Amino acid sequence: MIIRLVMLAELVAITAALAMPESLQSRVLASFVLGIAALVVALFPSSGFLGLAKRLRPGLVVVLAAPALWMALQAVPMPRDTLGNPIWATASAALSEPLAEIITVDMGATMRSLAQYCAVLAAALIAAVITLERYRAAQVLHILLLIATIAAAMWFGKETAGVAGPDGSTVAVLGVLLSCATAIRAADQIARYSRPGTIAPAPLLALSAATIAMIVCLAALLIRTNSTAVVAALLGSGILLSVFAIRRWFFGLWGSAGVVATAAIFFVASVTVIPFRTNTDVTIALSTSSHVATERMLQDVRPAGSGAGASTVLLPLYRDIGIGAPRERPTAAAAMVIDMGWAFLCGLVVIAMLGACILIRRSLSRAYDYVYPALGAGASIALTILAFADHGILGLGASLLVAALFGLAFGQSVPGTSGEAISLESKEASGSMAGPAPASRPRLAPAFVAWPRVALMVLGIALIMQTLWMVLPAWYLGGQSSLSAAVSAAATWPNEISKPVSAAAAHEDFLIRGESRSHGDPALAADEQKTELPAASNAFARALRSSPLRGDIWLMLAAASKQNSIQTAAMLKMSYYTAPNDLDLLPLRLSVALATDAVVRDLEFRDLIKRDVSLVVTRRPAIRPALVAAYRSASAEGKIYLENLISELDPTYLDNMRARNSRQGSR
């Protein structure tokens with residue numbers, strides 16, 4: 001009963017992650033459900049833990065724990081002038097306070113990536129525990145096929161950022177592999193259990209369902225994706241069919257060699273179909289999308305990376321002016337290099353290839369149920385190719401589905417686990433009745449079985465704590481004022497950079513509330529502004545201590561510290577450098593810059609202001625009214641400099657701007 005509830009919880013988490021848009025709510029739901037499931041599996045022991053302990057060799061444990069340890073290390077303070085990112089030293093000078101240098105450029109993004117990896121790891125281990133028994137493995141295989149087929153069909157019907165969104169190609173490829181594995185298993189059952197002249201109804205039903213799923217997923221791939229995803233699906237399926245052919249017709253050394261040679265020829269022929277891009281980075285060579293900003297980020301990759309999840313934060317800094325971030329998304333391989341470094345990607349590819357070889361060997365060594373490790377091997381090959389073509393494998397829903405698939409392959413990679421566990425328990429029970437057991441076995445066996453439970457318990461507790469870390473800021477926002485809420489919202493979700501609308505709205509709301517109170521009680525309004533302004537500045541500074549690349553937050557801090565021109569100039573310069581191409585920040589940034597004499601007199605700032613003004617006049621005429629607002633609030637020197645700039649770019653608009661300013665001033 002407990003195992004069924006755990007299996008249901010994991011499948012609910014995968015389905016919800018695929019059905020919901022990738023957001024904070026979906027991450028919280030997946031982390032919470034999988035954390036509870038991991039705790040339940042750890043607290044209610046079963047005979048399957050012996051099989052899990054036999055599979056979790058020390059080398060595999062190190063491989064699984066290495067990404068989490070590396071993500072945690074990226075958020076640890078580093079010695080000066082070592083692996084720490086230089087942005088922290090720059091932010092420390094701008095804030096006039098010491099900040100520890102760390103590898104990641106955004107602690108919030110790294111912690112969310114760590115939470116997602118822990119959820120993926122929990123999903124894989126839970127699936128491995130569930131699928132140690134053969135009939136549960138078959139159930140999980142069929143349910144995963146159903147989920148992948150429905151998600152691929154929904155993505156095929158409507159390609160949006162919501163249902164199956166950017167993970168659609170990855171889910172469709174997994175659907176092809178799952179349907180192929182289900183068909184092979186059904187064919188084996190028909191050949192093994194059917195009487196002469198009859199066909200068992202259950203395998204026939206499974207074979208029919210697998211055929212329908214194959215048609216749906218292949219149609220989605222052929223219509224919605226490029227040839228790379230199709231080739232990845234075919235190569236992964238080819239691994240499954242090669243194992244099936246070896247076991248059915250070519251069992252033996254020479255037969256296996258012939259099948260492997262045929263598969264190699266098919267692999268080389270398939271690779272020639274993939275459209276390789278020349279004169280570009282290898283991590284985006286298989287992608288057909290434009291990756292101008294990604295290429296720029298890859299040129300600046302540091303040896304230790306920029307922090308897990310940093311590619312999303314860095315993308316607005318490298319994109320062209322006026323180009324939205326959603327139009328470009330780095331491939332999974334490029335994102336790994338930017339986030340974790342080249343060594344991490346190379347190690348991951350090597351481990352994926354070694355894992356595929358091990359799973360193929362184990363598949364050929366099994367008497368029955370060989371299709372599960374073969375499925376894992378095919379998925380390793382297909383997902384490695386997909387990682388260099390798109391970003392889908394890193395999506396929450398797709399990554400959880402991949403984790404469940406590999407958990408299934410891992411749980412069934414070694415035969416006879418559940419039977420061995422049950423026989424061991426019966427032998428121990430009979431031995432305790434017959435007489436005293438050897439001194440070493442009672443001590444070693446419980447410890448050998450208990451440590452996977454401890455690992456699952458630690459993982460479940462970590463997921464619950466990460467869920468609370470993600471949820472508590474949202475609860476905290478409920479009782480805040482509109483200004484503080486906007487500040488906290490901008491600090492809580494740095495991966496959604498930029499949030500200029502909320503920042504500008506908060507700033508205008510702050511000014512409006514101050515003006516409305518000044519009409520009623522000027523003294524009270526002055527006192528409240530004195531107290532609210534330092535509070536807002538502290539909130540902005542707290543946000544920047546964990547995410548120094550937030551150009552909108554730097555701008556809001558500059559707007560909140562107009563009393564100190566030197567501090568305003570430092571904050572404004574950080575806003576220019578961390579959000580140079582965000583056109584939504586131009587109105588507020590021009591207003592703050594032109595209103596500060598120290599900024600207008602600086603030659604470097606003059607060039608930056610000239611760049612912004614030329615963008616507004618020549619490329620974004622829709623936001624020209626922002627120049628009138630900036631002109632109205634500018635200082636005397638700021639007005640003169642703005643007039644000179646506009647007279648060079650569009651002399652006719654200068655008269656229009658002066659006329660509009662005079663009309664608004666006379667009201």
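Keep in mind the model is a prediction, meaning the values are calculated, not measured.

**Student:** Please set out the pattern of salt bridges residue by residue, giving values where relevant.
**Tutor:** Counted according to the given criterion, the structure contains eight salt bridges. Note that E97 and R545 form a salt bridge whose closest N and O atoms lie 2.8 Å from each other. Note that E97 is positioned in the loop between α5 (87–95) and α6 (107–130) and R545 in helix α22 (residues 522–546), a separation of 448 residues in sequence. The partner of R611 in a salt bridge is D612, and the shortest N-O contact between them spans 3.8 Å. By relative accessible area, R611 is classed as partly exposed at 27%. One continuous salt-bridge network, built from bridges that share partners, spans R589, R611 and D612.

**Student:** Which residues make up the environment of W155, and what values go with them?
**Tutor:** Checked against the element boundaries, W155 lands in helix α7 (residues 134–157). On the basis of relative accessibility, which here comes to 3%, the residue W155 falls in the buried class. Sequence spacing of W155 and V171 is 16 residues, and the spatial spacing of their C-alpha atoms is 9.3 Å.

**Student:** Please give an account of unusual backbone geometry that cites residues and values.
**Tutor:** Unusually for a residue other than glycine, S96 sits at a positive phi of about 60°. Structurally, S96 can be placed in the loop between α5 and α6.

**Student:** Before we move on, can you summarise the packing of helix α23 (residues 551–560) against helix α25 (residues 586–594) with the specific residues and values?
**Tutor:** Two elements in contact, α23 and α25, have axes separated by 10 Å at closest approach and are oriented at 35°. Between α23 and α25 lies a crossing whose hand is left-handed. Listed contacts from α25 to L555, M556, A558 and A559 of α23 are L588, R589 and V592. Looking at the contact of α23 with α25 residue by residue, the classes come out as six nonpolar, no polar and one charged.

**Student:** Could you give an account of the packing of aromatic side chains, with specific residues and numbers?
**Tutor:** Evaluation of the coordinates by the stated rule reveals one aromatic pair. In this structure, R606 packs its charged tip against the face of Y641, placed 4.3 Å from the ring centre. Positioned over the ring face of Y631 is K639, at 5.6 Å from the centre of the ring.

**Student:** Can you tell me about helix α4 (residues 58–74), naming the residues and giving the values?
**Tutor:** Across its 17 residues, α4 extends 24 Å between first and last C-alpha, which sits within 8% of the 24 Å expected from 1.5 Å per residue. Where α4 bends most, the angle comes to about 35°, and this point is A65, followed within four residues by the proline P67. All of the buried residues in α4 are P67, A68, M71 and Q74. Its buried side turned inward, α4 meets α6, α14 (332–340) and α15 (342–365).

Conventions adopted
- Residues numbered from 1 in each chain as written.
- Predicted model: local features only at pLDDT ≥ 70, side-chain atom pairs only at ≥ 80, totals over all residues.
- Heavy atoms only, no water.
- Salt bridge = Lys/Arg side-chain N within 4 Å of Asp/Glu carboxyl O.
- Helix = DSSP H or I, 4+ residues; strand = E, 2+ residues; numbered from the N terminus.
- Buried < 20%, exposed > 50% of the residue type's maximum accessible area, 1.4 Å probe, protein only.
- Axes fitted to C-alpha atoms, helices over the stretch in contact; angles between N-to-C directions.
- Left-handed = near helix turned anticlockwise from the far one by under 90°.
- Contact = heavy atoms within 4.5 Å.
- Nonpolar A, V, L, I, M, F, W, Y, C, P; charged D, E, K, R; others polar.
- Phe/Tyr/Trp six-rings, centres within 6.5 Å; stacked < 30°, edge-to-face > 60°.
- Lys NZ or Arg CZ within 6 Å of the ring centre and 35° of its normal.
- Expected span 1.5 Å × (residues − 1).
- Bend = angle between axes of the 7 residues up to and from the residue.

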